[in-house]
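Letter by letter, the chains look like this.
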Amino acid sequence: MDKYNEALQNYNTNLNDDVVKQEVEQILRENLSKYSNTDVYKFLFGCIDLTSLNTTDTAQHITNFTKRVNDFENEHPEMNNVAAICVYPNMAGTVRMNLEVSDVNIAAVSAGFPSSQTFTEVKVAETALAVADGADEIDIVINVGNFLAEEYEEMCDEIEEIKHSCRDAHLKVILETGALKTASNIKKASILAIYSGADFIKTSTGKMEPAATLEAAYVMCQAIKEYYDKTGTMIGFKPAGGISTTEDAVKYYCIVAEVLGEKWLDKKYFRLGASRLANNLLSSIAGSPVKFF
Ligand SMILES: O=C[C@H](O)COP(=O)(O)O
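- Looking at an unreviewed UniProt entry, one finds the protein named Deoxyribose-phosphate aldolase, with Coprobacter fastidiosus NSB1 = JCM 33896 as its source organism.
- Under the Sequence similarities (unreviewed entry) heading, UniProt states for the protein: "Belongs to the DeoC/FbaB aldolase family. DeoC type 2 subfamily."
- What the UniProt record of the protein gives under Pathway (unreviewed entry) is the line "Carbohydrate degradation; 2-deoxy-D-ribose 1-phosphate degradation; D-glyceraldehyde 3-phosphate and acetaldehyde from 2-deoxy-alpha-D-ribose 1-phosphate: step 2/2."

### Quick word on the pairing of strand E1 (residues 48–52)
Point 1. In terms of residue burial, E1 counts as a mostly covered element, since four of its five residues are buried.
Point 2. Both E1 and strand E8 (residues 272–274) contribute to a ladder of three bridges, which runs parallel. Residue Asp-49 lies in a different strand from E8, and its bridge partner there is Gly-273.
Point 3. Where E1 and strand E2 (residues 84–87) come together, four bridges link them in parallel fashion. Residue pairing across strands places Thr-51 opposite Cys-86, the latter belonging to E2.
Point 4. On the question of chirality, the crossover connecting E1 to the parallel E2 by way of helix H4 (residues 59–75) is right-handed.

### With respect to the sheet that holds strand E5 (residues 170–174)
Point 1. Pairing within the open sheet is parallel, and its eight strands lie in the order E7-E6-E5-E4-E3-E2-E1-E8. Two strands close off the open sheet at either side, each with one partner strand: strand E7 (236–238) and E8. The average angle at which neighbouring strand axes cross in this sheet is 25 degrees, direction not considered.
Point 2. Of the pairings in the sheet, the one linking E5 to strand E6 (residues 200–202) comprises three bridges and is parallel in character. Bridging across to E6, Ile-174 finds its partner in Lys-202.

### Some thoughts on the site of the ligand
Point 1. The local shell around the ligand holds 14 residues, among which Gly-206, Ala-240, Gly-273, Ala-274 and Ser-275 are the closest.
Point 2. When its residues are assigned to classes, the shell around the ligand shows six nonpolar, seven polar and one charged.

### A few points about the environment of Asp-39
Point 1. Checked against the element boundaries, Asp-39 lands in helix H3 (residues 38–45).
Point 2. As a C-alpha pair, Asp-39 and Met-155 span 116 residues in sequence and 40 Å in three-dimensional space.

### Describing helix H10 (residues 183–195)
Point 1. Between the first and last C-alpha of H10 there are 18 Å, a value that for 13 residues agrees with the 18 Å anticipated at 1.5 Å per step.
Point 2. Extensive coverage of H10 is indicated by the burial of eleven of its 13 residues.
Point 3. Taken together, the buried positions of H10 are occupied by Ala-183, Asn-185, Ile-186, Lys-187, Lys-188, Ala-189, Ser-190, Ile-191, Leu-192, Ala-193 and Ile-194.
Point 4. Immediately beyond the C-terminal end of H10, within one or two residues, lies Gly-197, with a positive phi of roughly 115 degrees.

### Description of the environment of Arg-276
Point 1. As for its position among the elements, Arg-276 is in the loop between E8 and helix H13 (277–286).
Point 2. A C-alpha to C-alpha distance of 5.1 Å links Arg-276 and Ser-244, two positions 32 residues apart in sequence.

### A short note on the packing of H3 against H13
Point 1. At a minimum axis separation of 9 Å, H3 and H13 run at an interaxial angle of 155 degrees. Looking at the two axes, H3 sits roughly antiparallel to H13. The chirality of how H3 crosses H13 is left-handed. Contacts between H3 and H13 involve Thr-38, Tyr-41, Lys-42, Leu-44 and Phe-45 from the former and Ala-278, Leu-281, Leu-282, Ser-284 and Ile-285 from the latter.

### Considerations on the packing of helix H2 (residues 17–35) against helix H11 (residues 214–231)
Point 1. Relative to each other, H2 and H11 sit at 95 degrees, their axes nearing to 9 Å. Relative to H11, the element H2 lies roughly perpendicular. Along its contact with H2, which presents Val-20, Lys-21, Glu-23 and Val-24, the element H11 presents Leu-214, Glu-215, Tyr-218 and Val-219.
Point 2. A class-by-class count of the residues in the contact of H2 with H11 yields five nonpolar, no polar and three charged.

### Observations regarding unusual backbone geometry
Only a minority of non-glycine residues have a phi that is not negative, and only a minority of peptide bonds are not trans.
Point 1. The omega torsion across Phe-113 and Pro-114 is 0 degrees, close enough to zero to call that bond cis.
Point 2. Tracing the backbone shows Pro-114 in the loop between strand E3 (105–109) and helix H6 (120–132).
Point 3. Omega for the bond connecting Glu-209 with Pro-210 falls within 30 degrees of zero, at -10 degrees, which places this linkage in the cis form.
Point 4. Summarising the element assignment, Pro-210 is placed in the loop between E6 and H11.
Point 5. In this structure, Arg-167 is a non-glycine residue whose phi angle is positive, near 50 degrees.
Point 6. Mapped onto the elements, Arg-167 comes out in the loop between helix H8 (152–165) and E5.
Point 7. The phi dihedral of Glu-176 is positive, around 50 degrees, even though this residue is not glycine.
Point 8. Within the fold, Glu-176 resides in the loop between E5 and helix H9 (177–180).

Conventions adopted
- Residues numbered from 1 in each chain as written.
- Predicted model: local features only at pLDDT ≥ 70, side-chain atom pairs only at ≥ 80, totals over all residues.
- UniProt positions renumbered as here; feature names shortened; annotations may be inferred.
- Buried ≥ 20, exposed ≤ 12 C-beta atoms within 10 Å, placed from the backbone.
- Helix = DSSP H or I, 4+ residues; strand = E, 2+ residues; numbered from the N terminus.
- Pairing = 2+ DSSP bridges.
- Right-handed = clockwise from strand over helix to strand, strands pointing away.
- Axes fitted to C-alpha atoms, helices over the stretch in contact; angles between N-to-C directions.
- Near = placed C-beta within 6 Å.
- Nonpolar A, V, L, I, M, F, W, Y, C, P; charged D, E, K, R; others polar.
- Expected span 1.5 Å × (residues − 1).
- Parallel < 35°, antiparallel > 145°, perpendicular 65-115°, else oblique.
- Left-handed = near helix turned anticlockwise from the far one by under 90°.
- Contact = placed C-beta atoms within 7 Å.

Have a look at this one:
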């Protein structure tokens, strides 16, 4: 048996989707109200990977996008900035050239994002180029086809190769949970991604429906927790895709807080990947509509 199948044997991957749904409902029912406040909204804003992943993106657009992040510090000195700017890999250099604030990272999607359907050599080279251009973080998608065909070794070996080309950049591995469909699959893919070298596991690309769900988040957080209990290593969690309202963001916070606990409530271990959330959080904080980005 290869090391990945061996790792799977050590985790409970036999999950019931209805039970997961009920457990999520219970967590939200019992805890959500205590997290719906301005302190949490501010924290969540500081965990955003502010995303621009459009077919129409240009260097000029990404330059302007980056300048707004620079401006944020001057205009809102009372708040933490977003955690990172997330762009296509060919735009990492543009962000690097224009970013003037030190505590905002550059994240690049890579490795044939969002389908992951290209040659491993291309994935490795794309990642190395993005890192050379200044990416601090790399977001890749698992080979979903390999996963669903139970070709775990192929899927995991490829992630390990890509991890190697990240050098010091952090690797976020996207499961594309909407394509995996069941809680059992999501748990298995989480464990496999973690054992292949993921620093973070991320729900979705934002390029397919369904995108992030609270059930997927719950299962992924359980996988992270079980891995931590066995090894003492903290893996980060990034829900992403379709998260646009303050209410949604707080629900993900609630799942992380209740399943993983306070240690994960830090941008080092918790991110929200979002292209439309930032202004809505700022509006909730201000108590009136804000359009900053
Ligand atoms: O990685 C981040 C996602 O692509 C963002 O998805 P979204 O545009 O639905 O917020």
